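Here is how the chains run, residue by residue.
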Amino acid sequence: MLFFHFFIKMTVVFHSAFRKYSTLIKMSSTKPPNENELPKERKPGLRSVQTTMLFRAVNPELFIKPNKPVMAFGLIAISLCVAYLGYLHATVENKKDLYEAIDSEGSRYMRRKTSKWD
């Protein structure tokens, strides 16, 4: 997990440095901006940072807006899966000490396992 955070920070630093370098190259090769043009508004977060398509494809969670209904559905689905696993675990423990026995008359019934040492 620590490596992941370090990797994200380093890629953001690399991309911001690359962006500065590429803007210097663009400024030297293009004409100066008009005084009539208004500067673009800066948006908070990583959506306003110039990045490569590869970086956006590898890290989509940094650029996609959160979708609340999908998040709620996922949270409910994961919660139900965990509850089902808990239910299975509880029922297996209850059935663990039982086995099906047949009495002398041939009828079947459930009986608790007993130890020969008791």
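Given the structure is predicted, the values throughout are model-derived calculations rather than measurements.

A few words now on the overall build of the protein. A count of helices and strands for the protein gives three helices and two strands. The helix and strand sequence of the protein, counted from the amino end, reads α-α-α-β-β. By the burial criterion, 8% of the 118 residues in the protein qualify as buried. Put simply, of all contacts in the protein between residues at least 6 apart along the chain, 24% involve residues at least 24 apart. Of the roughly 11,500 Å² that the protein leaves accessible, carbon and sulfur atoms contribute 65%.

All right, on to the packing of aromatic side chains then. Under the defined criterion, the tally for this structure stands at one aromatic pair. Ring geometry for Phe-55 against Phe-63: centres 5.9 Å apart, planes inclined by 80°, an arrangement best described as edge-to-face. You can call Phe-63 buried: its relative accessible area is 11%. Lying across the ring of Phe-63, Arg-56 places its NZ or CZ 4.4 Å from the centre.

It is worth spelling out the confidence of the model for the protein at this point. A residue-level look at the protein finds 58% of positions with pLDDT of 70 or above and a mean pLDDT of 75. Taken element by element, the predicted model of the protein shows its lowest mean pLDDT in helix 1 (residues 2-29) (58) and its highest in helix 3 (residues 68-95) (92).

Attention shifts here to the pairing of strand 1 (residues 98-102). Sheet topology note: the strand 1/strand 2 (residues 108-112) ladder contains five bridges and is antiparallel. Residue pairing in the sheet places Ala-101 in a bridge with Tyr-109 of strand 2. Counting the residues that bridge the hairpin from strand 1 to strand 2 gives five residues, and of these Gly-106 lies at a positive phi of roughly 95°.

Attention shifts here to a nonpolar patch on the surface. Together, Tyr-84, Leu-85, Tyr-87 and Leu-88 make up an exposed nonpolar region whose accessible area comes to about 440 Å². Within the element layout of this structure, Leu-88 appears in helix 3. Note on Leu-88: relative accessible area 34%, which makes it partly exposed.

Definitions and limits used
Residues numbered from 1 in each chain as written. Predicted model: local features only at pLDDT ≥ 70, side-chain atom pairs only at ≥ 80, totals over all residues. Heavy atoms only, no water. Helix = DSSP H or I, 4+ residues; strand = E, 2+ residues; numbered from the N terminus. Buried < 20%, exposed > 50% of the residue type's maximum accessible area, 1.4 Å probe, protein only. Contact = heavy atoms within 4.5 Å. Areas by Shrake-Rupley, 256 points an atom, 1.4 Å probe, with all protein chains shown as cover. Phe/Tyr/Trp six-rings, centres within 6.5 Å; stacked < 30°, edge-to-face > 60°. Lys NZ or Arg CZ within 6 Å of the ring centre and 35° of its normal. pLDDT = per-residue confidence, 0-100. Pairing = 2+ DSSP bridges. Patch = residues over 30% accessible without salt bridge, like charges linked within 9 Å, V, L, I, M, F, W, Y side chains within 5 Å. Salt bridge = Lys/Arg side-chain N within 4 Å of Asp/Glu carboxyl O.

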